[in-house]
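Remarks on the overall topology
Spelled out from the first residue to the last, the chains are:
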Amino acid sequence: MIQPAPGPPKRNLAETVWTRLDRKATAIAEFTMRQYRKRRSTWVVGIVGILLITLVMLFYIEAMAEGIPSQDQDDDSYDSDGDGFPDGQEFLHGTREWDAQDFPGGGVTPDDPSDWVDEDGIDYDGTMNPNQGHDDDGDCWALDPFDRDRNGDGIPCNVLYVWENGTLIDIIKDRNVDEDPDDGEFLNEAVHRSFLLGFGKFGYLFVLGIFIPLFLATGLIRDEHEAGTLHYLVGKPIARAEVLMYRLLGFIGLAWPYFLMLIFFSALVTGFFGPGDSIYRFSDLGIWFGVFIASALTVLAYAAIFATFGIVTPKYGVLLALLFAFWEFVMMFLSMFAATRDMGLATLSVSFWGSEIINSTAWLVWSDHADMTQQAEMLGWVGDVALWQVWLSPFPTTYPIVNLFISIIVLLLLTGLFVLVGQRAFKKREIE
Amino acid sequence: MMPDIHQVGEGQQMPSAPVVPGTPAIMLDHVSKWYGEVIGLNDVSLAISGGVTGVLGMNGAGKSTLLKIIVGRLMPSQGQIRLFGTDPFKNPAPYHRLGYVSESEKLYDWMTGLDFVTTLARLHGMTRDEARERALHVLEFVGLTDVCNKEIGKYSKGMRQRVKIAHALVNDPDLIVLDEPLQGCDPLARTTIMNVVRELGAMGKTVLVTSHILSEIERITEQIVILHNGRLLALGNLHAIRELLDHVPHRILLRTDNARTLGRHFLPHPDVYGVRFPDEGELIIETNNLSGVHQDLPAIIVRSGALVTAIENPDDNLESLLGYLMEGRA
């Protein structure tokens, strides 16, 4: 019997070019991470970041513990005539609040004045129903019948929410409805939300997001070049373009878990100490997830940019990176405020697209945010909280989910662009 | 396309560089390199394949530049370089078959020797297991097994040189390029490294080794390339070049208790054309035929009855070799 001639050896499909690249990728990434671990600067930068976040968390806990005291918006907890009954109670019983001789009789005991603070809260049900609000304390129903429908919607003692294209544009109240809401709670909530957004943008995107790559990624190739050890890495059967990518991978392997850890810590603290009746504010996790996605992509983009700077001009790489950081800082401020943001200049920065990710998640997670803004405006609290400074309407489209994807894609494209520039420069670099 | 996460077991070693039979390992075609105004390498053409080749030259002669161009660290300003038929600056594929020991002292001092060699072996596409196995093997080959788990920062100079050599051998290369591997080594490390280089040559590898000390190269190989001021000055068998050197004016230095008597006995020799007494107890013989005088040297010393403590050839070094070659050229 004739044996068939042995053909070329069958190649295991699992052992293709990709597998081998992957081996080299893990080798370089692993090496890069071990190198970071051995450097003192890594630890200094990391610990400073942790201290910074901890400090901010302590400030947050303190602010939340103090809280914002409630005020009596309609002044009905005050006993004008000194007969022992707060004005609100007298008004409800139809007695005259300015006449000490006229007070509810027949076994009615005077209320504690504090009962007449926050006695008529906002009863917004979160839907687009125009008919909102209840007269919790009954002082609207105590009015003359013709006085009960000031907003003219045909429903007595309610609040009319006016919607246009899904946006709340106006709130018109009947008299004495929702007139004394729990502003302490409202403002605490507002401060909490502002804090999350502001901290996410400034603390994570900007301060940590820019400085950690600045210190740790600028030298990914440059430091090796200056230390005279680069030839060990590039003198191997592996393209220089890949060396750069895998070095970046090593940086990401360190930076992403670091950010994840810090953001998780922040989510724990703000979740437990934040306002609300529940033990933990699970609803905020979406925001923190957005902050993590935003910082992860921002850090990746900055790392690619700074590493490229280090390759293109080893001598002035750090200077260039600092100038760039300054540019980002200015752009961050521009993107903070609606007026300057919509000029469009800020779109030429990484921080802008990072903060758009956070803005978009805020829209998705806190769907009542726009209404809170309107309510605050209605109640005259706009100046009290910085809520409006860190929270912006969607950009560039009106759909937050679309904006989210646009921002992610822009950041990835920016990263890719700078990696390509870095790879090109690295390819042509002579290693003296 | 399964990613190899575990990195254990056996990986498939596929040479990425095409192996064309008969292609010289190294081929330089009119290669020049300038650093701004300074010329590093001037129109060098060279083909090297098989065996150990020594590159001789003074400091700044262009040895390192030549080697850096060969291993693709530098791009020639003019001319072509082919490493196994491929331009090494544009394509990393020939690195599969190359081991390079740079002249730089810099290493990752925080790594252990074994770590260093293993990590870099993995860049050749080996799995963790393979890399470790190969690393242990080459570390044994260069005699570093005892210290392979110590940090490189704690190594002596000789050990550092050897760990660099080990890293260059880990992929079992066909071509090994060593830049001043003996520099700063103690005699023991020197001997070890020389033996390693000789052994590699005997294994049929192509080895390129630079030095500025003639006697060092002499102990390693006969095949040499001499560089001077960036130019290729000579190329060939060291002994043949030395033969030429024998017939140029040469000096022999003798240390003796009776220089004058000894000098008198040397004067009648047909090849000796002069004697000098530079110092107390020192005699310099000037000759046109070095080997001829060396042949008769013992007999003359015995006849004179003088006590000779040392015989030196002050001209037997790279400088005089270069001097001769330069003049021969002019």
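Residues numbered from 1 in each chain as written. Chains lettered and ligands numbered in written order. Predicted model: local features only at pLDDT ≥ 70, side-chain atom pairs only at ≥ 80, totals over all residues. Heavy atoms only, no water.

The next subject is the overall build of chain A. When helices and strands are counted, chain A shows 14 helices and three strands. The principal-axis extent of the C-alpha atoms belonging to chain A is close to 115 × 60 × 45 Å. The burial tally for chain A puts 50% of its 432 residues in the buried class. Contacts in chain A between residues at least 24 apart in sequence constitute 71% of all its contacts with a sequence separation of at least 6. Summing over all exposed atoms, chain A offers an accessible surface of approximately 20,200 Å²; the carbon and sulfur share of this is 66%. (Helix = DSSP H or I, 4+ residues; strand = E, 2+ residues; numbered from the N terminus. Buried < 20%, exposed > 50% of the residue type's maximum accessible area, 1.4 Å probe, protein only. Contact = heavy atoms within 4.5 Å. Areas by Shrake-Rupley, 256 points an atom, 1.4 Å probe, with all protein chains shown as cover.)

For the rest of this paragraph, the subject is helix α4 (residues 183-216) of chain A. Because each turn of an α-helix spans 3.6 residues, side chains separated by three or four positions in sequence point in the same direction. At Phe 199 of chain A, α4 of chain A shows its maximal kink, close to 30 degrees. Within α4 of chain A, 28 of the 34 residues are buried, which leaves the element mostly enclosed by the surrounding structure. (Bend = angle between axes of the 7 residues up to and from the residue.)

Residue and element names in this part refer to chain A. Empty space within the largest pocket amounts to approximately 480 Å³. In terms of residues, the lining of the largest pocket owes the most to one element, α4, which gives four residues. Of the residues belonging to the lining of the largest pocket, the class tally is six nonpolar, three polar and nine charged. Structurally, the lining of the largest pocket is a two-domain feature, drawing no fewer than three residues from each of domain 1 (16-67 + 183-428) and domain 2 (89-117 + 119-180). (1 Å grid on protein atoms, 1.4 Å probe; cavity = no way out; pocket = protein on both sides within 12 Å on 5 of 7 lines; lining within 4 Å. Points joined across faces, edges and corners; volume = space filled by probe spheres on them. Nonpolar A, V, L, I, M, F, W, Y, C, P; charged D, E, K, R; others polar. Domains from an automatic or database assignment.)

Looking now at the state of the cysteines. Summed over all chains, the structure comprises one disulfide over all chains. Here Cys 140 of chain A pairs with Cys 157 of chain A through a disulfide, and the sulfurs are 1.9 Å apart. Its torsion about the S-S bond being -90 degrees, the disulfide of Cys 140 of chain A and Cys 157 of chain A is classed as left-handed. Taken together, the residues Cys 140 of chain A in the loop between β1 (131-132) and β2 (159-164) and Cys 157 of chain A in the loop between β1 and β2 connect sequence positions 17 residues apart. Cys 148 of chain B takes part in no disulfide bond, and the closest cysteine sulfur, belonging to Cys 185 of chain B, lies 19 Å away. Accessibility expressed as a relative area gives 5% for Cys 148 of chain B, which makes it buried. (Disulfide = S-S within 2.5 Å.)

If you walk through the whole model with that rule in mind, you get two cavities of 30 Å³ or more. The volume enclosed by the largest cavity comes to roughly 140 Å³. Mapped onto the lining of the largest cavity, the elements with two or more residues apiece are α6 (230-234) of chain A together with β5 (98-101) and α4 (157-169) of chain B. Among the elements that make up the lining of the largest cavity, the one with the highest residue count is β5 of chain B (three residues). Looking at the lining of the largest cavity residue by residue, the classes come out as six nonpolar, seven polar and three charged. As a volume, the second largest cavity reaches approximately 50 Å³. What lines the second largest cavity is Ile 221, Arg 222, His 225, Leu 230, Gly 310, Ile 311, Pro 314, Phe 426 and Arg 429 of chain A.

The tally for this structure, following the rule as stated, stands at 29 aromatic pairs over all chains. The interplanar angle of 50 degrees and the centroid separation of 6.4 Å between the aromatic rings of Phe 306 of chain A and Phe 309 of chain A together place this pair among those described as tilted. Remark: Phe 309 of chain A and Phe 306 of chain A occur in helix α8 (residues 285-312); sequence separation between them is three residues, near one turn of the helix. We classify Phe 309 of chain A as buried; its relative accessible area is 13%. An aromatic cluster of at least three residues, connected via ring pairs, comprises Tyr 60, Phe 195, Phe 199, Tyr 204, Tyr 258, Phe 259 and Trp 288 of chain A. Positioned over the ring face of Phe 426 of chain A is Arg 240 of chain A, at 5.8 Å from the centre of the ring. Over the ring of Phe 89 of chain B we find Arg 240 of chain A, and its NZ or CZ is 5.2 Å from the ring centre. (Phe/Tyr/Trp six-rings, centres within 6.5 Å; stacked < 30°, edge-to-face > 60°. Lys NZ or Arg CZ within 6 Å of the ring centre and 35° of its normal.)

Looking now at the domain arrangement of chain A. All names here are of chain A. Domain assignment breaks chain A into domain 1 (16-67 + 183-428) and domain 2 (89-117 + 119-180). On a C-alpha basis, the centroid separation for the pair domain 1 and domain 2 is 46 Å. The partner domain 2 presents nine residues to the five residues of domain 1 that form the contact. Summed over both sides, the interface between domain 1 and domain 2 buries roughly 730 Å², with carbon and sulfur atoms accounting for 67% of that surface. Counting every contact that joins domain 1 to domain 2 gives zero salt bridges. The tally of links between domain 1 and domain 2 comes to zero residue pairs in polar contact (both at pLDDT 80 or more). Considered class by class, the residues forming the side of domain 1 that touches domain 2 number two nonpolar, two polar and one charged. (Buried area = accessible area lost by both parts, 1.4 Å probe. Salt bridge = Lys/Arg side-chain N within 4 Å of Asp/Glu carboxyl O. Polar contact = N/O pair within 3.5 Å; in protein donor to acceptor, adjacent residues only side chain to side chain.)

What follows concerns the sheet that holds strand β11 (residues 272-276) of chain B. All names here are of chain B. The sheet built from four strands is open, its strands ordered β11-β12-β10-β13 with antiparallel pairing. With one partner strand each, in any of the chains shown, β11 and β13 (308-312) form the two edges of the open sheet. Averaged over all neighbouring strand pairs, the angle between strand axes comes to 20 degrees, with direction disregarded. The pairing of strand β10 (residues 250-256) with β13 spans four bridges and is classified as antiparallel. Directly across from Leu 253, in β13, lies its bridge partner Glu 312. (Pairing = 2+ DSSP bridges. Axes fitted to C-alpha atoms, helices over the stretch in contact; angles between N-to-C directions.)

What follows deals with the pattern of salt bridges. For the structure on display, the rule yields 22 salt bridges over all chains. Between Arg 281 of chain A and Asp 284 of chain A there is a salt bridge; the shortest N-O distance is 2.7 Å. When its relative accessible area of 1% is taken as the criterion, Asp 284 of chain A is described as buried. A salt bridge links Glu 312 of chain B to Arg 255 of chain B; the shortest N-O distance between them is 3.3 Å. Taken together, the residues span a long stretch of sequence, with Glu 312 of chain B in strand β13 and Arg 255 of chain B in strand β10 at a distance of 57 residues. Classification of Glu 312 of chain B by relative accessible area gives partly exposed; the value is 34%. Residue class for Arg 255 of chain B comes out partly exposed when judged on its relative accessible area of 29%. What emerges from the salt-bridge pattern is a single network uniting Glu 189, Arg 193, Arg 281 and Asp 284 of chain A.

Another aspect to go through is the packing of helix α2 (residues 113-122) of chain B against α4 of chain B. All names here are of chain B. Where α2 meets α4, the closest approach of the two axes is 9 Å, and the angle between their N-to-C directions is 25 degrees. In this view, α2 runs roughly parallel relative to α4, as classed from their interaxial angle. Where α2 crosses over α4, the two elements pack in a sense that is right-handed. Each of Gly 113, Phe 116, Val 117 and Leu 120 in α2 lies in contact with α4, whose residues at this interface are Val 163, Ala 166 and His 167. Per-class residue counts for the contact of α2 with α4 are five nonpolar, two polar and no charged. (Parallel < 35°, antiparallel > 145°, perpendicular 65-115°, else oblique. Left-handed = near helix turned anticlockwise from the far one by under 90°.)

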